[in-house]
Amino acid sequence: MSFTFEQYWDNPYNLAIIWCTHWDETLWLKVINRLKEKMVKNVTYVIANKMAQEKWVRYIDTDLNRSFTTESIWHNSWLLENKLAWELDAFLSRFSHIIDLHSTSFTVPWYFIIDSHQKLNLPTVNGTSLINRVYLIDWLEWALISRYRNAIAIEIWNNNNPLNIDIVTESILDIMRNLNRWTRLNKEVYTWSGEVLKRDISSLEKGLADFSFVRKWEVIWYDNNWTPILANNDTYLLWVNLEDENVLCHRVERVL
């Protein structure tokens, strides 16, 4: 078995908290240690990619978070992470609730990620008011959370900033305490609408950051001739200054 887990009873299949889906997202090591100190029951902590952890790499052969498929056509060509996803699936399918944890090396606020509108009703999303934004991405084929109707993800920056450990630890503790209490909190929900490519612009308008609101007809960026480009719709930005060779940021629309 290429993943490991640690269970805190009474109900071993109540809540799975998964980290090390990508080993270089190391902020969660500190958060998980804080959670374990609380000795909360009914939770299982899963190190998803033990071999990547041991080698201190993001993954071994391919992105584990794009490896969750049950299509038998792939069996003969599966890489390590494909086989690992198969093992994880047999284990995770037993759980009532699943949270997949992710962090980045650049500045981005904390938010939930879901892949369907129905997941807005999950107690893992509504169990805390400390995480107010939800990013709905309905094209996450083969991602871990797309495999399970009860799975969501949390994204936060950054791996080297200890200031966010407290807020995220407390939010997960909130979720643990409220799993059996039905509630529906008002969340800000965003969906993907496009991307801003670095090759197309000279700079963003000054002051724009993640979840910045840009009104229709306001300047959003300047092209390489320094011509101002106006937003053709009300829009928000996400992953501004993303460490990507091509994409500067994503454009998202608020739907709730």
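Structure's up top.
These numbers come from a predicted model, not from an experiment.

A short note on the overall build of the protein
When helices and strands are tallied, the protein shows 5 helices and 14 strands. In terms of overall size, the protein behaves like a compact globule, its C-alpha atoms giving a radius of gyration of 19 Å where 256 residues would be expected to give roughly 18 Å. Referenced to the eigenvectors of the C-alpha coordinate spread, the extents of the protein come out at roughly 60 × 45 × 35 Å. A burial count over the protein gives 52% of its 256 residues as buried.

Some words on the pattern of salt bridges
Tallying each qualifying case throughout the model produces 10 salt bridges. Between R34 and D166 there is a salt bridge; the shortest N-O distance is 2.5 Å. Of this pair, R34 sits in helix 1 (residues 27-38) while D166 is found in helix 5 (residues 165-178), placing the two residues 132 residues apart along the sequence. Residue E170 pairs with R177 through a salt bridge whose shortest N-O separation is 2.7 Å. We classify E170 as partly exposed; its relative accessible area is 33%. Residues joined in a network through salt bridges with shared partners are D24, E25 and R58.

Some details on the packing of aromatic side chains
Inspection of the entire model under this criterion finds 16 aromatic pairs. Considering the side-chain rings of F91 and F95, the 5.3 Å spacing of their centres and the 70° angle between planes classify their relative orientation as edge-to-face. The burial state of F91 is the same as that of F95; both residues are buried. Among the aromatic residues, those joined into a ring-pair cluster are Y111, Y135, Y190, F211, F213 and Y236.

Description of the packing of helix 1 against helix 5
Interaxial distance between helix 1 and helix 5 falls to 10 Å at its minimum, and their mutual angle equals 50°. In terms of orientation, helix 1 and helix 5 fall into the oblique class. Handedness of the crossing formed by helix 1 with helix 5: right-handed. From helix 1, W28, K30, V31, R34, L35 and K38 reach across to helix 5, where they touch I165, D166, V168, T169, I172, L173 and M176.

Considering the pairing of strand 6 (residues 133-136)
The side chains of a regular strand alternate between the sheet's two faces. Sheet topology note: the strand 5 (residues 111-114)/strand 6 ladder contains 3 bridges and is parallel. Bridge assignment links F112 to a residue of strand 6, and that residue is V134. Here strand 6 pairs with strand 8 (residues 188-197) via 4 bridges, running parallel. Looking across to strand 8, one finds that Y135 is bridged to Y190.

Observations regarding the sheet that holds strand 9 (residues 203-204)
Here 3 strands make up an open sheet; going across it, the order is 9-11-12 and the pairing antiparallel. Each edge of the open sheet carries a strand with a single partner, namely strand 9 and strand 12 (228-230).

Some details on the side chain of N49
Counting through the fold element by element, N49 comes out in the loop between strand 3 (43-47) and helix 2 (50-55). Within polar-contact distance, the side chain of N49 engages the backbone nitrogen of A52 at 3.2 Å. Excluding anything up to four places from it in sequence, N49 contacts S2, C20, Y59, I60, L64, L80, E81 and L84.

Observations regarding the sheet that holds strand 2 (residues 15-19)
Sheet strands line up and pair through hydrogen bonds in the backbone, either parallel or antiparallel. The strand order across the open sheet formed by 11 strands is 1-3-2-4-7-5-6-8-14-13-10, and the pairing between neighbours is mixed. Edge positions in the sheet fall to strand 1 (4-8) and strand 10 (213-214), since each of these pairs with one other strand and no more. Of the strands in this sheet, strand 2, strand 3, strand 4 (97-103), strand 5 and strand 7 (151-156) touch helix 5, which is tilted by about 160° from strand 2.

Notes on the environment of Y236
Looking at where Y236 falls in the secondary structure, it is placed in strand 13 (residues 235-238). A sequence separation of 185 residues divides Y236 from M51, and the C-alpha atoms of the two residues are 38 Å apart. Once residues within four sequence positions are removed from consideration, Y236 is found in contact with Y190, F211, S212, F213, H250, R251, V252 and R254.

Quick notes on the pairing of strand 14 (residues 247-254)
For strand 14, the tally of buried residues reaches 6 of 8 residues, placing the bulk of the element in the interior. Bridging between strand 13 and strand 14 involves 3 bridges; their strand directions are antiparallel. The residue bridging L237 from the neighbouring strand is R251, located in strand 14.

Calculation notes
Residue numbers run consecutively from 1 along every chain, following the written order of its sequence. It should be noted that, the model being predicted, local features are given only for residues of pLDDT at least 70 and side-chain atom pairs only at 80 or more, the latter also being counted only at that level, while totals for whole chains, interfaces and linings use all residues. Note: side-chain values were computed over all heavy atoms of the structure, leaving out hydrogens and water. Numbering of helices and strands runs from the N terminus; a helix is a DSSP stretch of H or I covering at least four residues, while a strand is a stretch of E covering at least two. Each radius of gyration is computed over the set of C-alpha atoms, and the globule rule expresses the reference value as 2.2 Å times the number of residues to the power 0.38. Per-residue accessibility, obtained with a 1.4 Å probe over protein chains only, is compared with the maximum for each type, and a residue is labelled buried under 20%, exposed over 50%, and partly exposed between these values. Whenever Lys or Arg places a side-chain nitrogen within 4 Å of a carboxyl oxygen from Asp or Glu, that contact is recorded as a salt bridge. Only centres within 6.5 Å qualify two rings of Phe, Tyr or Trp (six-membered ring in Trp) as a pair; their planes then separate them into stacked at under 30 degrees, edge-to-face at over 60, and tilted for everything else. A fitted line through C-alpha atoms serves as each axis, taken over the contacting stretch for helices, and the angle formed by two N-to-C directions is quoted from 0 to 180°. For classification purposes, an angle smaller than 35 degrees is called roughly parallel, one larger than 145 roughly antiparallel, one from 65 to 115 roughly perpendicular, and anything else oblique. Handedness of a crossing is defined here by the sense of rotation of the near helix relative to the far one, left-handed for an anticlockwise turn of less than a right angle and right-handed for a clockwise turn. Contacts were defined at the residue level, with two residues in contact if any of their heavy atoms lie within 4.5 Å. Two strands make a pair as long as DSSP finds a minimum of two bridges between them. Polar contacts here mean pairs of N or O atoms no more than 3.5 Å apart (in protein, one a potential hydrogen donor and the other a potential acceptor; neighbouring residues in sequence count only if both atoms are side-chain atoms).

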